[in-house]
Amino acid sequence: MSVSLSEADITSKIHDVIDPEIGRSLSQLQMVESIEIDGTNVRVCLELPTPAYPDRGRLTKLVQDAVAAASPGAGDVQVRFTSRIQGKNTGGSIGLRVKNVVCVGSGKGGVGKSTVAACLAYGLKEFGAKVGLMDADVYGPSIPHMLGAQGRPLATDHQGADGQTVTRIEPIEVDGLKLMSMAFFVEPEKAVVWRGPMLHRALTQFLKDTDWGELDYLIIDLPPGTGDVSLTLSQLLGLAGAVVVCTPQQVALLDAVKALNMYEQVKVPVLGIVENMSGEIFGRGGAKAKAAELGIRFLGEIPIEADIRIKGDEGRISALFSEDSPARPHLLSVCEQVAIGIARQLLESPGLPTLEVL
Ligand code: ADP
């Protein structure tokens, strides 16, 4: 007996599925790319807002249930995914072609902020995104070392159309990541005392002059604590959001709360808190509890593991993403939460200017 499925019912039920990550319907999110009905089989293609979408299985199940509810005679329901990263694209005024600029901050140093920033960049790249990493932690620029970056970026001067000299800096490329650090232009042994305006000028210059190309995500590792850099960035770029890193101890959490307040003051949306170094030594769960108390998203925990320190020291942070690395699932999960948080945040701030569309 041939069963004919009601195409209209199926289509409308699929469009009404609520995306479990963003909390809006697939139709509102314009995620349904195609629905093909072939006999009793249904093939659905959905466009995700990021390739780092957290749990595709959960969404698949919701779509399958919706089809079954619309048409009990349906057979096999296949769900395929594509993705298209969207962003605020707010860097146009300074010539940046970056969809989302994300900063990583902390209340104090030593909590693993740079490690998390580097892993965020690597992880998002693992998912297939085009990623840049900017080390703006002028007080402890450790990112080039962690990535094992060799050499220095090439800076060349060109004559601009108006006769002015224009400097272009070619970022270093490490494993397909575009990397730039203030450390490249500062002699390592020289203590640098950065005053606010100097930092502002240097950072603006670095962002403007570097040839980042087109990026889906630019991750910026901020100096700990201070609001100066965040303020500069929020004025300059309209950040997609900030990720705050802290350790589970109470003192570090208090510092994290200060950092959160600072972002609020400079109007940078907070994507959430990452608890780093969770485990027996420092305890665990403190950041999750604090996030719940403050009504902020918890982006996940990264365990304290000797391997994370060792790989960082050896300049092989990329090895944390190898299939047999125990840290890998934790790191990828944090990346997914950040990526989906950016997509969510984008919908929550519809009034933002879109200066250019890539
Ligand atoms: P910050 O940027 O906050 O100053 P870093 O990322 O430089 O911190 O990390 C400080 C030290 O802690 C580094 O030696 C780093 O390798 C180590 N570290 C960071 N995260 C972890 C972790 N989850 N487990 C073990 N060591 C870590």
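Focus: the overall build of the protein chain
Scanning the protein chain from terminus to terminus reveals ten helices and 13 strands. In terms of principal-axis extent, the alpha carbons of the protein chain reach across some 80 × 60 × 40 Å. Counting all 358 residues of the protein chain, 50% fall into the buried class. Long-range pairs, those at least 24 residues apart, make up 73% of the contacts in the protein chain between residues at least 6 apart in sequence. Here the protein chain has roughly 16300 Å² of accessible surface; of this, 49% comes from carbon and sulfur atoms. Taken together, the 33 basic and 43 acidic charged side chains of the protein chain have centroids lying 4 Å from each other.

So, the sheet that holds strand S12 (residues 270–278)
Paired through their backbone hydrogen bonds, the strands of a sheet run either parallel or antiparallel. Spatial strand order, S8-S9-S5-S10-S4-S11-S12-S13: eight strands in an open sheet with mixed pairing. Of all strands in the sheet, those bounded by a partner on one side alone are strand S8 (172–174) and strand S13 (298–303). The average undirected angle you get between the axes of adjacent strands in this sheet is 25 degrees. Taken together, the five bridges between strand S11 (residues 241–246) and S12 define a ladder with parallel strand orientation. Directly across from Cys246, in S12, lies its bridge partner Glu275.

Here we look at the domain arrangement of the protein chain
Domain annotation of the protein chain identifies domain 1 (7–83) and domain 2 (92–347). Using only C-alpha atoms to locate each centre, domain 1 and domain 2 end up separated by 34 Å. The interface of domain 1 with domain 2 comprises ten residues on the first partner and eleven residues on the second. Taken together, the two surfaces of domain 1 and domain 2 that pack against each other cover about 920 Å², and 67% of this comes from carbon and sulfur. For the pair domain 1 and domain 2, the number of links is zero salt bridges. Our count for the contact surface shared by domain 1 and domain 2 stands at two residue pairs in polar contact (both at pLDDT 80 or more). Its residues placed into classes, the side of domain 1 that touches domain 2 shows seven nonpolar, one polar and two charged.

Quick word on the state of the cysteines
One pass over the full model with this rule turns up zero disulfides. No disulfide involves Cys246; its nearest neighbouring cysteine sulfur is the one of Cys103, lying 15 Å away.

Here we look at unusual backbone geometry
Non-glycine residue Gln30 carries a positive phi angle of around 50 degrees. Gln30 gets classed as exposed once you look at its relative accessible area, which sits at 66%.

Description of the site of the ligand
If you check the shell around the ligand, you find 16 residues, and the closest are Gly110, Lys113, Ser114, Thr115 and Asn276. In this structure, an oxygen atom belonging to the ligand sits 2.8 Å away from a main-chain N or O atom of Gly110. At a separation of 3.0 Å, an oxygen atom of the ligand approaches a polar backbone atom of Val111. Mapped by element, the contributors of at least two residues to the shell around the ligand are helix H3 (113–126), S12 and helix H9 (306–313). Per-element accounting of the shell around the ligand gives the leading share, three residues, to H3.

Conventions adopted
- Residues numbered from 1 in each chain as written.
- Predicted model: local features only at pLDDT ≥ 70, side-chain atom pairs only at ≥ 80, totals over all residues.
- Heavy atoms only, no water.
- Helix = DSSP H or I, 4+ residues; strand = E, 2+ residues; numbered from the N terminus.
- Buried < 20%, exposed > 50% of the residue type's maximum accessible area, 1.4 Å probe, protein only.
- Contact = heavy atoms within 4.5 Å.
- Areas by Shrake-Rupley, 256 points an atom, 1.4 Å probe, with all protein chains shown as cover.
- Lys, Arg positive; Asp, Glu negative; His and termini not counted.
- Charge placed at Lys NZ, Arg CZ, Asp CG, Glu CD.
- Pairing = 2+ DSSP bridges.
- Axes fitted to C-alpha atoms, helices over the stretch in contact; angles between N-to-C directions.
- Domains from an automatic or database assignment.
- Buried area = accessible area lost by both parts, 1.4 Å probe.
- Salt bridge = Lys/Arg side-chain N within 4 Å of Asp/Glu carboxyl O.
- Polar contact = N/O pair within 3.5 Å; in protein donor to acceptor, adjacent residues only side chain to side chain.
- Nonpolar A, V, L, I, M, F, W, Y, C, P; charged D, E, K, R; others polar.
- Disulfide = S-S within 2.5 Å.
- Near = heavy atom within 4 Å.

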